[in-house]
Structure formats: structure tokens, C-alpha cells
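Architecture and fold: a report
The primary structure of each chain is shown beneath.
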Amino acid sequence: MDKKVLIINTGGTIGMVPTDNGYAPKKGALLAEIEQIRDLNSDRMPAWDMIEFDPLLDSTNVRYEQWNMIAKVVAKKYAKYDGFVVLHGTDTLAYSASALSFMLENLDKPVVFTGSQIPLCEIRSDGRDNIITSLMIAACGVVREVCLYFGNSLYRGNRTTKYSADDMVAFSSPNYPALAKAGIDIKYSKAHVLDKGFEIKGELELTEIKECKLGVIKVFPGVQFGLFKPIVQEMDGLILETFGTGNIPTYDPALTELINEAFRRDTAVVVCTQCPQGSVRLGAYEAGSALVDAGAISGFDMTTEAAVTKLSFLLSRGCSFEAIRTLMEMNLRGELSK
Ligand code: ASP
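Residues numbered from 1 in each chain as written. Predicted model: local features only at pLDDT ≥ 70, side-chain atom pairs only at ≥ 80, totals over all residues. Heavy atoms only, no water.

**Structural notes on the packing of helix α9 (residues 304-316) against helix α10 (residues 321-328)**
Where α9 meets α10, the closest approach of the two axes is 10 Å, and the angle between their N-to-C directions is 145°. The interaxial crossing formed by α9 with α10 has right-handed handedness. Every residue of α10 that contacts α9 at A307, K310, L311, L314 and L315 is listed here: I324, L327 and M328. When grouped by side-chain class, the residues that make up the contact of α9 with α10 number seven nonpolar, no polar and one charged. (Axes fitted to C-alpha atoms, helices over the stretch in contact; angles between N-to-C directions. Helix = DSSP H or I, 4+ residues; strand = E, 2+ residues; numbered from the N terminus. Left-handed = near helix turned anticlockwise from the far one by under 90°. Contact = heavy atoms within 4.5 Å. Nonpolar A, V, L, I, M, F, W, Y, C, P; charged D, E, K, R; others polar.)

**Re the sheet that holds strand β5 (residues 83-87)**
Each strand in a sheet pairs with its neighbour through backbone hydrogen bonds, running either in the same direction (parallel) or in the opposite one (antiparallel). With mixed pairing, eight strands are arranged side by side in an open sheet as β4-β1-β5-β7-β8-β9-β12-β13. The two strands at the open ends of the sheet, each matched to only one other strand, are β4 (47-57) and β13 (186-188). The sheet shows a mean angle of 20° between the axes of neighbouring strands, direction not considered. The pairing of strand β1 (residues 4-11) with β4 spans seven bridges and is parallel. Following the sheet pairing, G11 is matched in β4 by L57. This element, helix α2 (residues 64-77), spans β1, β4, β5 and β7 (111-114) of the sheet and lies at about 155° to β4. (Pairing = 2+ DSSP bridges.)

**Notes on the site of the ligand**
Close contacts around the ligand come from G12, T13, M16, D58, S59, G89, T90, D91, S116 and Q117, and that covers them all. In this structure, an oxygen atom belonging to the ligand sits 2.8 Å away from a side-chain N or O atom of T13. D91 is positioned with one of its side-chain polar atoms (N or O) 2.7 Å from a nitrogen atom of the ligand. Within the complex, 89% of the 270 Å² of free accessible area of the ligand lies under protein. When the residues that make up the shell around the ligand are grouped by side-chain class, the tally is one nonpolar, seven polar and two charged. (Near = heavy atom within 4 Å. Polar contact = N/O pair within 3.5 Å; in protein donor to acceptor, adjacent residues only side chain to side chain. Areas by Shrake-Rupley, 256 points an atom, 1.4 Å probe, with all protein chains shown as cover.)

**A word on the pairing of strand β3 (residues 22-25)**
It is a general feature of regular strands that their side chains alternate between the two faces of the sheet. Relative to β3, strand β2 (residues 16-19) is paired through four bridges, and the arrangement is antiparallel. The partner of T19 across the bridge, within β3, is G22. What sits between the antiparallel neighbours β2 and β3 is a turn of two residues.

**Brief notes about the nonpolar core**
I8, L100, V111 and F113 are the most contacted members of the largest nonpolar core, which totals 72 residues. Among the elements that line this core, the one with the most residues is helix α3 (residues 93-103), at seven residues. Residues contacting F113, with those up to four places away along its chain left out, are I70, V86, H88, L93, S96, A97, L100, V146, C147, L148 and Y149. Listed in part, the 28 residues of the second largest apolar core include I37, L135, A139 and A180. (Core = buried A, V, L, I, M, F, W, Y, C linked by side-chain atoms within 4.5 Å. Buried < 20%, exposed > 50% of the residue type's maximum accessible area, 1.4 Å probe, protein only.)

**Some words on the environment of F228**
By the secondary structure assignment, F228 is in the loop between β15 (214-218) and α6 (229-232). Between the C-alpha atoms of F228 and A254, which are 26 residues apart in sequence, the distance is 9.3 Å. For F228, the residues in contact, after removing those within four places along its chain, are I217, V223 and L258.

**Points about the pairing of β5**
Counting buried positions along β5 gives five out of five residues, so the element sits mostly inside the fold. In β5, alternate side chains face the same way, and those of G83, V85 and L87 on one face and F84 and V86 on the other are all buried. Relative to β5, β1 runs parallel, the two being bridged by five bridges. Residue pairing across strands places I8 opposite V86, the latter belonging to β5.

Below you can see the structure in the form of C-alpha cells.
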């Protein structure tokens, strides 16, 4: 095959080895494993090179610095390769895939994130198929956006969430259909892939993420919002995981005070739902009206992963409070539907 893909190995279970303290990444271990996979050298596969991060990380330790590292590699090598496969731990994979989708504007090549639940060095590893199929998807170029391949499904990266700690189908895309299913053939759902005719407005543009002071508060029965007041004052942005369509308890005026205070300080308050599936509809219930009155921003059907990384992206771009409010509620990379 006359295609070239760059594999970016950031760490994660796929290339881990057992240690006295449990699985941990080890330099060179992944390359040694994949060099033994005969399929990867078939002439029906793309040619590939690999870049390995140093240090390799368990993705629990991935932060904005690693998002910047991945995005910078893609931007630097963009012209040389037809597509990119990012090997990543599953724990924060949905955050990284979401972040990259915002950071890489005008992307017109596939960036496929994948990993595995069982390391390649163990029997029954799911890493073998995940890596082979991801390479094929990255070379094929039908889906030219940041996506995530895992457990036979290809999803839009910023629509995903880690759904199972032990199932081989570890990810779901609760509010958007799969972009492809890998059965005997890889069947793409072209109707759901981003329409690049509309998306591409110029050269690839990279926005690096800066450290942002964000908070995520999950509402629960009995939550005392007053407890959060001292930390909310320090935040650049707050994401509220509310009940249902964007409802909050009304027994405690502290939340409205908190949001009013946040708005006085130009701190964005974004309302997401803690339901695994569905959308925020602010104002649908009286119990959510305080959020509307206080000027909270609707996250619609964005995952918390997408909301956190989108807010980080907009803050890193230096957007004004008004621009953040408008853009958070706008569909930038296929991350939300209204
Ligand atoms: N803790 C691991 C990580 O996120 C889990 C995995 O890769 O599946 O790196």
C-alpha cells in the first residue's frame, strides 16, 4: 500500500509490562511487541514509523502538556504522513481525543486514538486488532478528523467517554453514532463523518493548551454548594454536572450565589448533564431556571470530557467571556448537537 502512517506512542496499557507494583509503561516494549505482528508488515498495510514519548505515561498522568506534545508532532509531521495513530492509555483517552479535536483546526487527515484493555505482551490482548485496524483507518482517509477506534467501533473523539473499566468495548459515544464499524469489512458511515467541504478554511492551525483553573462539580442530593465557594473563586471556568436536562436543587440558594459570583468575575459556568445520554435543555423545568437566570452556559449534549477540553481550548485562545459564552454553545468540531 502506498500510504504512510505515523504512530505516536504516548504510553498506556497497550505497551505496558508487569512490574512488582502492577502494569507500567516500559521504553521500547511496544515496538518490540508490534515488530512481531506479521500483519503490520503485510503489503496491504500502510508503511509506518513510530515516535515514542519519553517518559511513556500511564494516562492518569496525562495533562495539557502531553496534549500539546501530541498536537505538535501531528503539526510538524503533517505533510509527511497520510494519517496518524496515537497510542494512549484508556483512562483519559477520551479527554485527549477531545482536546486534540479542538486544538487542530482545519485538520484534513485522520488522527486515530487507540489503546487496549490488555497489554500486547499478554495473551488475549485487544491491542493487536486495535492497532492494526487503526492503522488501516488512518491510511484510508475517509474519516479526516480526530477519532477513537476501540472494540470494533470508530467514534468521533470528542463524543466519546470511557464506559467500562473491564469490557473490551471500553468506550461509548452516547450522543453520536459510530463513524465506522469493523466487522469482516470496515464499514464507514459517511453520513456521520465531518463534512470537510464545510470544515476546512485554510492550513492546519494548532492552538496549544495553557494551564487553566477548571472545576467540575457533580450535583447530588444534599449537595451543599456553599462548600465550594472558596475554590470557585479561584477558577477560570466551572462545569456543573447537573441532574437530567440541567436541573439543580433549589433548597440551597448558595448555588445561585456561586454562579452570580462566578459571572461577576467573568468565570464561565457550563451546564452538562450527568446522564450518560441525552442533552441539557435549560429552562425546561423550574428546577433549572435559577441557572438560566444566573446566565449559565448550556453544554447541550457535550460529554464532560468535551466540555472540559473545549473550555480549556477557548481560555487558551484568550477568548473574552462573551466569546466563550457564544462558542461554548456553538458546534465547533462536531462535539454537540442542538
Ligand atoms: N491506567 C491505564 C492508562 O490509562 C489504563 C489503560 O491504558 O487501559 O494508561
